[in-house]
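These are the residues of each chain, in order.
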Amino acid sequence: MENLNKGEIIIYTSADGAVSLDVKLEQDTIWLTQKAMAELFGVKIPAINKHIT
């Protein structure tokens, strides 16, 4: 894993479309933006909004 800053999240997409996530945890909690969650799960932001509101 790269040297990540506190709270920094890096999302990688391979040539075959597989997504991986590198993250530095803060007290066992991961915080993602709606855009980052959508990218991670391969959906659009409205799908994320539907499930968190």
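Residues numbered from 1 in each chain as written. Predicted model: local features only at pLDDT ≥ 70, side-chain atom pairs only at ≥ 80, totals over all residues. Heavy atoms only, no water.

Student: Help me understand the overall build of the chain, please; the structure alone is not making it clear to me.
Tutor: Of regular secondary structure, the chain possesses two helices and two strands. Classification of the 53 residues of the chain by burial places 15% in the buried group. Of the accessible surface of the chain, which amounts to about 4400 Å², a share of 53% is contributed by carbon and sulfur atoms. (Helix = DSSP H or I, 4+ residues; strand = E, 2+ residues; numbered from the N terminus. Buried < 20%, exposed > 50% of the residue type's maximum accessible area, 1.4 Å probe, protein only. Areas by Shrake-Rupley, 256 points an atom, 1.4 Å probe, with all protein chains shown as cover.)

Student: How should the environment of Ile10 be read in this particular structure?
Tutor: Looking at the secondary structure, you find Ile10 in strand S1 (residues 9-13). In this structure, the C-alpha to C-alpha distance between Ile10 and Ser20, residues ten residues apart in sequence, is 8.5 Å.

Student: Before we go on, may I ask you to explain the environment of Ala38 in this structure?
Tutor: Tracing the backbone through its elements, the reader meets Ala38 in helix H1 (residues 34-41). Residue Ala38 is classed as buried on the basis of its relative accessible area, which comes to 4%. Considered as a pair, Ala38 and Ile48 are ten residues apart in the sequence and their alpha carbons are 6.2 Å apart. In this structure, Ala38 is in contact with Val43, Lys44, Ile45 and Ile48, ignoring residues within four places of it in sequence. (Contact = heavy atoms within 4.5 Å.)

Student: What should I look at first to understand H1 in this one?
Tutor: Spacing of three or four residues puts side chains on the same side of an α-helix, whose turn is 3.6 residues. Every buried residue of H1 is accounted for by Ala36, Met37 and Ala38. Within two residues after H1, Gly42 carries a phi angle of roughly 70 degrees, on the positive side.

Student: Would you take a moment to explain the packing of H1 against helix H2 (residues 45-52) for this structure?
Tutor: In a pair of packed helices, the angle between the axes and the distance between the axes together describe the arrangement. Where H1 contacts H2, the axes come no closer than 8 Å and their chain directions differ by 110 degrees. Classed by the angle they form, the pair H1 and H2 counts as roughly perpendicular. Note on element contacts: H2 touches H1 through Ile45, Ile48, Asn49 and Ile52, opposite Gln34, Lys35, Met37, Ala38 and Phe41. (Axes fitted to C-alpha atoms, helices over the stretch in contact; angles between N-to-C directions. Parallel < 35°, antiparallel > 145°, perpendicular 65-115°, else oblique.)

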